[in-house]
Amino acid sequence: MKILTAIKQVAGRDARLRINPEATWIVEEEDLEFEINEPDAYALEAALELKDRHGGEVVVVSVGPERAGRAIREALAKGADRGIHIETESGAPADPLQTATLLERAAAAEAPDLVLTGLQSDDLGYGQTGVVLAELLGWPHATIIMQIERTAAGLRVKRELEGGWFQYLELPLPAVLTVQSGISKLRYATLMGIKKARTKPVKQIAAAELGPAPPPGLRIARVYAPPPVKQTQFLEGGPAEVAARLVEKLRAEARVL
Amino acid sequence: MSVLVVMEHRGGEWRRPAWETLAAGQQLGATAGMPVCAAAAGTGLEKLAEQLADKRLERVYAIEHELLGAYTADGFTAALEGLIRQIRPYYVLFPHTYQTRDFAPKLAARFGRVLVSDVVAWRLEGGRLGFVRQLFQGKLNADVYAAEGEPTFVSVQAGAFASVPVATGSAEVQRVTPQLEPTMIRARPGAPFQESRRSVDLSAAERIVAVGRGIKGQQNLKIVEELAEALGAELAASRPVCDNGWLPMDRQVGSSGQVVAPKLYVAVGISGAIQHVVGMKGARTVVAINKDREAPIFEVADYGIVGDLFEIVPALAAALRKAPI
Ligand SMILES: Cc1cc2nc3c(=O)[nH]c(=O)nc-3n(C[C@H](O)[C@H](O)[C@H](O)COP(=O)(O)OP(=O)(O)OC[C@H]3O[C@@H](n4cnc5c(N)ncnc54)[C@H](O)[C@@H]3O)c2cc1C
Ligand SMILES: Nc1ncnc2c1ncn2[C@@H]1O[C@H](COP(=O)(O)O)[C@@H](O)[C@H]1O
């Protein structure tokens, strides 16, 4: 089975975010840490496990500036076979239709049996790109997937519903699945894997080479810190001191002890 | 020009986020000066549609077809596409549920449009409607604008419009029969099920200590267990803690876990992403312990302690043991 996995490089979970002077995005400084979007790491894991079980090839594709090349190398070190880097000029955000259009052009050229994406990006949080990609490809899809099995007719997948409910779904191939975090345990890259990754092929394509992008469907006009919903009382002091004050407040003020 | 609210139902009842979206749609209609309609797809919708007949709506569209009995992305997309092409609403609103996530982006793409997903508020500025969305898991907000033109597809975050009442009035119910063929539906959905019977019912707990990824590893759980014991609290967790297998899934709080409403909720090393917050914001008193002063969990906390949980949690357990509850 040939599996194409879309991975996005996003600012690290613990990265300090600073809003840019135009207030349209964050400042992408040299020292800002980036990592593979968490659900995408799980999508890659699911792809590698399918390959372990059924053979085939795992190709990773990422749309992003030069730095995204590192996310691709990381995926290759974990066991992906090849990479496609659709290079953009900057890390400025694109909307899901624009990103899916680029991914569709790459996917059409690769003709995979299955495309996996994460269910949502941690930075933009649209939760749409995989579903839009399926529509552009004209393929069926399923979202928030927690299990993937190959069957004679195609796939049987487990879809997460809200509040601890699930559902199985059967789909023909080719198809697009959006993968939820926790689908499996993530593997680590081995030293051998890291060494091998250096020689695995990564195809660089400038985004513009793939044809005209659709006009922006969404425009981010202003980025700002969210206003608090509650008046938070911050307790300050050493650990023992704040602990004693909190116990006092929970008892006398909030009356929850 | 109108506002169309796409309602969602399960087990013969409207889901709560759908009511919230209906109220939000009425508010949007009033702001934009547009009439509001509601639509739902399924089978046997009479009873449900009746519940909308006394709401302030221009019309309720009950899209019925035997192929819509079980939800599928293909079926619902085609059914709503047909209605939207026919009635041409300006705004199409959805509750931002898992079902909406599954088909609304596809539906919007059919119109060459991008869904404005997971919106928490909006405001009219210079005659244009700006939508507020969260970025970076709630660490930042953004005002976003959809490209000019119609339809504009918007999904509304659960809870964001919970305080807006649904306006009453009267509505005409209209049955719609979509053009659907069995071959259009490519996925075969199974019936929804619950994984296993839950061994803990966190929804009944009076006090909860919830632990997040800040705990770093299973070997460190002992300190939060001791705090929970000192407080007489149940232990709960954010999703990554369960994904990593540090605690069982049935301890997970949030949109894919349990919804809790204790008197006291102590969030330890949890950042406060919306999918977690929807599960705990009904708590009466929230304490957050986090080393990052900017963590979104503090936005919903009554008491905040900025610092290292590995120092604060043991100190808190000790203070409670000194003055037992
Ligand atoms: C469809 C969907 C459904 C989801 N369902 C759920 C759900 O049901 N429940 C859920 O919880 N999540 C859910 N999520 C995931 C959610 O979006 C977040 O990714 C998750 O809640 C983050 O968990 P966390 O806060 O523990 O981890 P992180 O976001 O990594 O936060 C860890 C926090 O710990 C703090 N920290 C680190 N070290 C220390 C220290 N030494 N002392 C003090 N603080 C420290 C950090 O500052 C940080 O704020 C869902 C996501 C999606 C897309
Ligand atoms: N720039 C990108 N490059 C590769 N994949 C992406 C990109 N943006 C989004 N995706 C994929 O689409 C998923 C959903 O993203 P989003 O719609 O932004 O929430 C992500 O989890 C990725 O798998």
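Please refer to the structure higher up on the page.
Keep in mind that what you see is a predicted model, and the values were worked out from it rather than measured.

Quick notes on the rules
- Residues numbered from 1 in each chain as written.
- Chains lettered and ligands numbered in written order.
- Predicted model: local features only at pLDDT ≥ 70, side-chain atom pairs only at ≥ 80, totals over all residues.
- Heavy atoms only, no water.
- Helix = DSSP H or I, 4+ residues; strand = E, 2+ residues; numbered from the N terminus.
- Buried < 20%, exposed > 50% of the residue type's maximum accessible area, 1.4 Å probe, protein only.
- Contact = heavy atoms within 4.5 Å.
- Areas by Shrake-Rupley, 256 points an atom, 1.4 Å probe, with all protein chains shown as cover.
- Lys, Arg positive; Asp, Glu negative; His and termini not counted.
- Charge placed at Lys NZ, Arg CZ, Asp CG, Glu CD.
- Phe/Tyr/Trp six-rings, centres within 6.5 Å; stacked < 30°, edge-to-face > 60°.
- Lys NZ or Arg CZ within 6 Å of the ring centre and 35° of its normal.
- Near = heavy atom within 4 Å.
- Polar contact = N/O pair within 3.5 Å; in protein donor to acceptor, adjacent residues only side chain to side chain.
- Nonpolar A, V, L, I, M, F, W, Y, C, P; charged D, E, K, R; others polar.
- Pairing = 2+ DSSP bridges.
- Axes fitted to C-alpha atoms, helices over the stretch in contact; angles between N-to-C directions.
- Buried area = accessible area lost by both parts, 1.4 Å probe.
- Salt bridge = Lys/Arg side-chain N within 4 Å of Asp/Glu carboxyl O.

So, on to the overall build of chain B. What chain B contains, in helices and strands, is 8 helices and 18 strands. The principal-axis extents of the C-alpha atoms in chain B amount to approximately 70 × 50 × 35 Å. A burial count over chain B gives 60% of its 325 residues as buried. Intrachain contacts of chain B at a sequence separation of at least 6 include 64% that bridge at least 24 residues. Carbon and sulfur atoms provide 48% of the accessible area of chain B, an area that totals close to 12,800 Å². Charged side chains in chain B number 35 positive and 34 negative. The centres of these two groups are separated by 2 Å.

Applying the stated criterion across every chain yields a total of 13 aromatic pairs over all chains. Pairing Trp122(B) with Phe161(B) gives two aromatic rings, centres 4.7 Å apart and planes at 35 degrees, and the pair type is tilted. Of this pair, Trp122(B) sits in strand β7 (residues 116-125) while Phe161(B) sits in the loop between β10 (152-156) and β11 (172-176), and the two are 39 residues apart along the sequence. Taken as a pair, Trp122(B) and Phe161(B) share a single burial class, namely buried. Every member of this aromatic cluster is reached through a ring pair, and the members are Tyr71(B), Phe76(B), Phe94(B), Phe103(B), Phe111(B) and Phe153(B). Directly above the ring of Phe111(B) sits Arg85(B), whose terminal nitrogen or CZ lies 4.2 Å from the centroid. Residue placement shows Arg293(B) over the ring face of Phe234(A); its charged tip is 3.8 Å from the ring centre.

The subject of this paragraph is the site of ligand 2. Residue and element names in this part refer to chain A. Within the structure, ligand 2 sits among 18 residues, and Asp40, Val63, Ser121, Gly127 and Thr129 are positioned closest to it. Between ligand 2 and Gly118, the relevant distance is 2.8 Å, taken from an oxygen atom to a main-chain nitrogen or oxygen of the residue. In the complex, 97% of the free accessible area of ligand 2, which totals 490 Å², lies under the protein chains. Broken down by element, the shell around ligand 2 gets its largest block of residues, 3 residues, from strand β4 (residues 57-64). Considered class by class, the residues forming the shell around ligand 2 number 5 nonpolar, 11 polar and 2 charged.

Spatially, 6 strands are ordered β13(A)-β18(B)-β17(B)-β16(B)-β14(B)-β15(B) in an open sheet, and the strand pairing comes out parallel. Unpaired on one side and paired on the other, β13 (233-234) of chain A together with β15 (234-237) of chain B mark the two borders of the sheet. Of the pairings in the sheet, the one linking strand β16 (residues 264-268) of chain B to strand β17 (residues 285-290) of chain B comprises 5 bridges and is parallel in character. Across the sheet, residue Val268(B) finds its bridge partner in β17(B), namely Ile289(B). Where helix α6 (residues 239-252) of chain A meets the sheet, its contacts fall on β13 of chain A together with β16, β17 and β18 (303-306) of chain B, and the angle it forms with β18(B) comes to roughly 175 degrees. Here helix α5 (residues 221-231) of chain B sits on the sheet in contact with β14 (207-211), β15 and β16 of chain B, set at roughly 170 degrees to β14(B).

The full set close to ligand 1 counts 33 residues, and Ser238(B), Val253(B), Ser271(B), Gln275(B) and Asn290(B) are the nearest of them. In this structure, ligand 1 is bordered by residues of chains A and B. Between an oxygen atom of ligand 1 and a main-chain N or O atom of Arg239(B), the distance comes to 2.9 Å. Between ligand 1 and Ser255(B) there is a distance of 3.1 Å, counted from an oxygen atom to a backbone nitrogen or oxygen.

In space, the 10 strands of this open sheet follow the order β12(A)-β9(B)-β8(B)-β7(B)-β10(B)-β6(B)-β1(B)-β4(B)-β5(B)-β11(B), with mixed pairing throughout. This sheet does not close on itself; its edge strands, each paired only once, are β12 (218-224) of chain A together with β11 of chain B. With strand direction ignored, the average angle separating the axes of adjacent strands in the sheet is 30 degrees. Of the strand pairs in this sheet, β12(A) and strand β9 (residues 140-146) of chain B are connected by 6 bridges, and their pairing is antiparallel. Counted as the bridge partner of Ile220(A) is Val144(B) from β9(B). Helix α3 (residues 73-87) of chain B contacts β1 (3-6), β4 (36-42), β5 (59-64), β6 (91-95), β10 and β11 of chain B of the sheet and is inclined by roughly 140 degrees relative to β5(B). Along the sheet, helix α4 (residues 98-110) of chain B makes contact with β6 and β10 of chain B, crossing β6(B) at roughly 165 degrees.

So, on to the environment of Pro189(B). Positionally, Pro189(B) belongs in strand β12 (residues 188-189). Take Pro189(B): its relative accessible area is 27%, and that puts it in the partly exposed class. A sequence separation of 55 residues divides Pro189(B) from Asn244(B), and the C-alpha atoms of the two residues are 28 Å apart. When sequence neighbours within four positions are dropped, the list of residues in contact with Pro189(B) reads Gln167(A), Tyr168(A), Leu169(A), Ala70(B), Tyr71(B) and Thr72(B).

One widely used convention gives an interface's size as the accessible area the parts lose upon coming together. Across the boundary between the two partners, chain A contributes 86 residues, which contact 85 residues of chain B. Summed over both partners, the interface of chain A with chain B comes to about 7,400 Å²; 55% of that surface belongs to carbon and sulfur atoms. It is Glu162(A), Lys230(A) and Phe234(A) that lose the most area in chain A upon contact with chain B, and together they represent 9% of the buried surface on that side. Applying the counting rule to chain A against chain B returns 11 salt bridges. Where Glu135(A) meets Lys106(B), a salt bridge forms, and the shortest distance between an N and an O atom there is 2.9 Å. Counting the contacts that link chain A with chain B gives 47 residue pairs in polar contact (both at pLDDT 80 or more). With 10 residues, the top contributor of residues to the side of chain A that touches chain B is α6(A).

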